[in-house]
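Below, each chain spelled out in residue letters.
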Amino acid sequence: MNGMPWFADFANYLVSGIVPNEFSSNQRKKLKRDWLDYYWYEPYHFWICTDSVIRRCVPEEEQMGILEACHSSLYGGHHGGARRAGGISKKNEMPLTTILEIDIFDVWGIDFMGPFVSSCRNTYILVAVDYVSKWVETIALPNNEARSVLAFLKKNIFTRFGTPRAIISNGGLHFCNKAFDTLLTKYQPPTILKQEDKLKSLTGR
């Protein structure tokens, strides 16, 4: 199979279902197991990676050109051998923004989904996502009222993961109200950020 790309066996199997005759029993099993992570979209072959990103399979003869473009060209990440004479003026400096270091379960995003068609009298789903681990806590609810939010936070977040440093919401009345503030005070209040405040902190504006 000289001159054939490394993914030729996968492409042939996807298109025709044919396994090379010279394959051993283990190679046949591996091919039939791994082909589910690949798909053919003529003339390209794609691989669904473990991070769920779909990437194009690149033949060997193209690989060096891609690496050189990324590392050595003027538009590459390493800017090749290009050097700039002199310093950068204040006018051309990029603004520096502070990077907030947070630990797991320090910052949660919370919001309602719905209303949906009623199921067991529930029409809403309250979702909370930890910004670091992407851990998700959800609950089905019959309403989107503030008292439901408070009960959810006490049972699913505060008592299980501790008091977060920040809770990010869209600023709806079910999240921003006196009862909510009272609960946060009781549990050593975190910083409550609305979505627009978050964007400001990220952009430095």
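Treat the numbers as computed from the prediction; the structure is a model and nothing was measured. (Residues numbered from 1 in each chain as written. Predicted model: local features only at pLDDT ≥ 70, side-chain atom pairs only at ≥ 80, totals over all residues. Heavy atoms only, no water.)

Caption draft 1: Focus on the side chain of Asn143. In this fold, Asn143 is placed in the loop between strand 6 (136-141) and helix 4 (146-161). We classify Asn143 as buried; its relative accessible area is 16%. A polar contact is formed between the side chain of Asn143 and the side chain of Ser148, at a distance of 2.7 Å. Sequence-distant contacts of Asn143, that is, excluding residues within four places in its chain, are made with Phe112, Tyr124 and Ser148. (Helix = DSSP H or I, 4+ residues; strand = E, 2+ residues; numbered from the N terminus. Buried < 20%, exposed > 50% of the residue type's maximum accessible area, 1.4 Å probe, protein only. Polar contact = N/O pair within 3.5 Å; in protein donor to acceptor, adjacent residues only side chain to side chain. Contact = heavy atoms within 4.5 Å.)

Caption draft 2: View of helix 5 (residues 178-186). Residues of helix 5 that are buried: Phe180, Leu183 and Leu184. Down the axis of helix 5, the buried set is contained in an arc of 100 degrees. They therefore lie on one face. Of the exposed residues in helix 5, those oriented more than 90 degrees away from the buried face are Lys178, Thr185 and Lys186. The opening residue of helix 5, the one whose side-chain oxygen lies 3.2 Å from the backbone nitrogen of Ala179, is Asn177. (Arc of directions from axis to C-beta.)

Caption draft 3: Expanded view of the nonpolar core. If you look at the biggest cluster of nonpolar residues, it comprises 20 residues, and the most contacted ones within it are Ile110, Leu126, Val149, Leu153 and Ile157. The set of elements that each furnish at least two residues to this core consists of strand 4 (107-113), strand 5 (124-130), helix 4 and helix 5. It is helix 4 that contributes the most residues to this core, seven residues altogether. Beyond its immediate chain neighbours, meaning those up to four positions away, Leu153 contacts Ile110, Phe158, Phe180 and Leu183. Listed in part, the eight residues of the second largest apolar core include Phe10, Tyr13, Tyr38 and Cys57. (Core = buried A, V, L, I, M, F, W, Y, C linked by side-chain atoms within 4.5 Å.)

Caption draft 4: Molecular detail of the packing of helix 4 against helix 5. Relative orientation of the contacting elements helix 4 and helix 5 amounts to 25 degrees, with a least axis distance of 10 Å. In terms of axis orientation, helix 4 runs roughly parallel to helix 5. Of the two possible hands of crossing, helix 4 and helix 5 adopt the one that is right-handed. Together, Val149, Leu150, Leu153, Lys154 and Phe158 of helix 4 and Ala179, Phe180, Leu183 and Leu184 of helix 5 make up the contact between the two elements. (Axes fitted to C-alpha atoms, helices over the stretch in contact; angles between N-to-C directions. Parallel < 35°, antiparallel > 145°, perpendicular 65-115°, else oblique. Left-handed = near helix turned anticlockwise from the far one by under 90°.)

So yeah, pure geometry; function would need other evidence.
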